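# An overview of the molecular structure
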Amino acid sequence: MRPPGITTLGEFIVQNQHSFPYATGELSRLLSAIRLAAKVVYSQTNKAGLVDQVMGSMGATNIQGEEQKKLDVYANDVFINALRARLEVCGVASEEEDSFIAFDSEMGKQGKYVVLMDPLDGSSNIDVNVSIGTIFAIYRRVSRVGSVARMEDFLQAGTAQVAAGYVIYGSSTMLVYTTGNGVNGFTFDPAVGVFYLSHPSMQIPAQGHIYSVNEGNYNSFDRQIRQYIDQCKERTYSARYIGSLVADFHRNLLKGGIYLYPATAKSSNGKLRLLYECNPLAMIVEQAGGKASNGLTRTLEIKPAALHQRVPFIVGSQHMVDELEQMYKE
Ligand code: AHG
Ligand code: MN
Ligand code: MN
């Protein structure tokens with residue numbers, strides 16, 4: 001039984017829909033599609049190791065040349081199907097799809113929103129029982145309602161996001177999201193099948209003592225990043241790196257810290273994708289009082305040029321990101 005006074009995600013969405021600047025109910029229905037898909041993916045991730053459909057590789061690669069895991073493809077299908085079934089969405093872009101998918105049925109064309117997502121983040125951790133996640137960004141379309149969604153609907157700057165969130169499938173499953181009025185976190189009770197509000201009005205501490213970076217790439221980082229990491233060590237900050245962006249971000253959001261995925265020798269723009277990894281987390285961190293940038297420019301203001309564009313990503317506690325940005329300025 002739920003403790004008295006605790007709100008469910010469904011109740012919270014309805015109670016707060018008036019604070020959303022567009023038509024009442026639209027975003028609520030869209031978020032409830034995401035909630036449903038998250039539960040389905042949760043139930044499947046929980047079986048990793050037991051059933052053959054969950055672990056291992058698909059034997060294919062996505063357009064970015066990355067090996068697709070079975071769960072990448074499964075989660076992608078679950079989220080796309082859940083969103084396609086709603087009147088609100090006219091198209092979806094995903095890490096696992098070459099281009100965006102326009103829902104071009106008569107119903108689909110009436111949708112006012114597009115969703116961009118990383119259906120399964122941290123794929124390399126699926127087979128080893130480590131936290132993984134889903135990341136999503138929601139925008140109002142810019143093309144005419146009633147027409148088929150176009151590329152311009154997806155290539156909007158992060159500042160135009162109307163909502164963003166993530167699901168973390170960890171020691172418990174949580175859904176954390178913002179519609180631009182702060183950040184709230186909900187924990188899933190699998191016995192009841194319901195998300196409960198467990199982390200209201202989340203705020204990231206302005207200063208933390210954790211730095212999160214794949215230090216194996218240290219030698220190919222630029223001077224400022226190396227200088228910053230050296231400073232973290234001098235101050236004996238804790239190094240914490242899970243290798244699932246969602247999980248690293250979530251920990252730092254709760255405890256305070258900085259996450260870095262800078263340019264490397266292999267990839268001059270880092271690894272993370274602007275539209276469906278960096279921008280949603282940037283919106284959340286800013287709503288929680290933190291910062292996100294590429295060192296020089298606020299992530300949310302970067303003008304996207306391509307769906308799968310990568311950007312260097314620095315995100316976390318305000319003072320820590322400020323300090324690193326200062327090193328770039330000098
Ligand atoms: P995805 O599984 O969606 O492709 O994302 C993987 C990303 C991100 O989750 C993580 O932080 C990063 O890759 C880890 O990269 P390294 O293994 O290079 O550290
Ligand atoms: Mn990812
Ligand atoms: Mn992914």
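For clarity, every value in this text was computed on a predicted model and none was experimentally measured.

Turning to the pairing of strand 8 (residues 173-178), a few remarks are in order. For strand 8, the tally of buried residues reaches six of six residues, placing the bulk of the element in the interior. Residues of strand 8 alternate between two faces, with Thr173, Leu175 and Tyr177 on one and Met174, Val176 and Thr178 on the opposite face, all of them buried. Of the strand pairs in this sheet, strand 7 (residues 163-169) and strand 8 are connected by six bridges, and their pairing is antiparallel. By the bridge assignment, Ala164 is partnered in strand 8 with Thr178. In this antiparallel pair of consecutive strands, strand 7 and strand 8, the connection spans three residues. Strand direction decides the pairing type here: strand 8 and strand 9 (residues 183-189), joined by five bridges, are antiparallel. Within strand 9, the residue paired with Leu175 across the bridge is Phe186.

The full set close to ligand 1 counts 17 residues, and Glu95, Asp121, Asn214, Tyr241 and Tyr261 are the nearest of them. Here an oxygen atom of ligand 1 and a side-chain polar atom of Asp118 are 2.9 Å apart. For ligand 1, the protein covers 85% of the area, taking 470 Å² as the surface of the free molecule. The site holding ligand 1 turns out to be the largest pocket. Among the elements of the structure, strand 5 (113-121) and strand 13 (258-261) are those that each provide at least two residues to the shell around ligand 1. The leading source of residues in the shell around ligand 1 is strand 5, at three residues. Tallied by class, residues from the shell around ligand 1 come to six nonpolar, five polar and six charged.

So, on to the domain arrangement of the protein. Domain annotation of the protein identifies domain 1 (9-199) and domain 2 (210-329). Each of domain 1 and domain 2 has a C-alpha centre, and these two points are 23 Å apart. The interface is formed by 49 residues belonging to domain 1 together with 32 residues belonging to domain 2. Both faces combined, the contact of domain 1 with domain 2 buries some 2800 Å², and carbon together with sulfur accounts for 65% of it. On the domain 1 side of the interface with domain 2, the three residues burying the most area are Ile135, Leu155 and Tyr166, jointly 21% of the side's total. Our count for the contact surface shared by domain 1 and domain 2 stands at two salt bridges. In this structure, the salt-bridge partner of Arg273 is Glu66, at a minimum N-O distance of 3.0 Å.

Calculation criteria
Residues numbered from 1 in each chain as written. Chains lettered and ligands numbered in written order. Predicted model: local features only at pLDDT ≥ 70, side-chain atom pairs only at ≥ 80, totals over all residues. Heavy atoms only, no water. Buried < 20%, exposed > 50% of the residue type's maximum accessible area, 1.4 Å probe, protein only. Helix = DSSP H or I, 4+ residues; strand = E, 2+ residues; numbered from the N terminus. Pairing = 2+ DSSP bridges. Near = heavy atom within 4 Å. Polar contact = N/O pair within 3.5 Å; in protein donor to acceptor, adjacent residues only side chain to side chain. Areas by Shrake-Rupley, 256 points an atom, 1.4 Å probe, with all protein chains shown as cover. 1 Å grid on protein atoms, 1.4 Å probe; cavity = no way out; pocket = protein on both sides within 12 Å on 5 of 7 lines; lining within 4 Å. Sits in = over half its atoms within 2 Å of the grid points. Nonpolar A, V, L, I, M, F, W, Y, C, P; charged D, E, K, R; others polar. Domains from an automatic or database assignment. Contact = heavy atoms within 4.5 Å. Buried area = accessible area lost by both parts, 1.4 Å probe. Salt bridge = Lys/Arg side-chain N within 4 Å of Asp/Glu carboxyl O.

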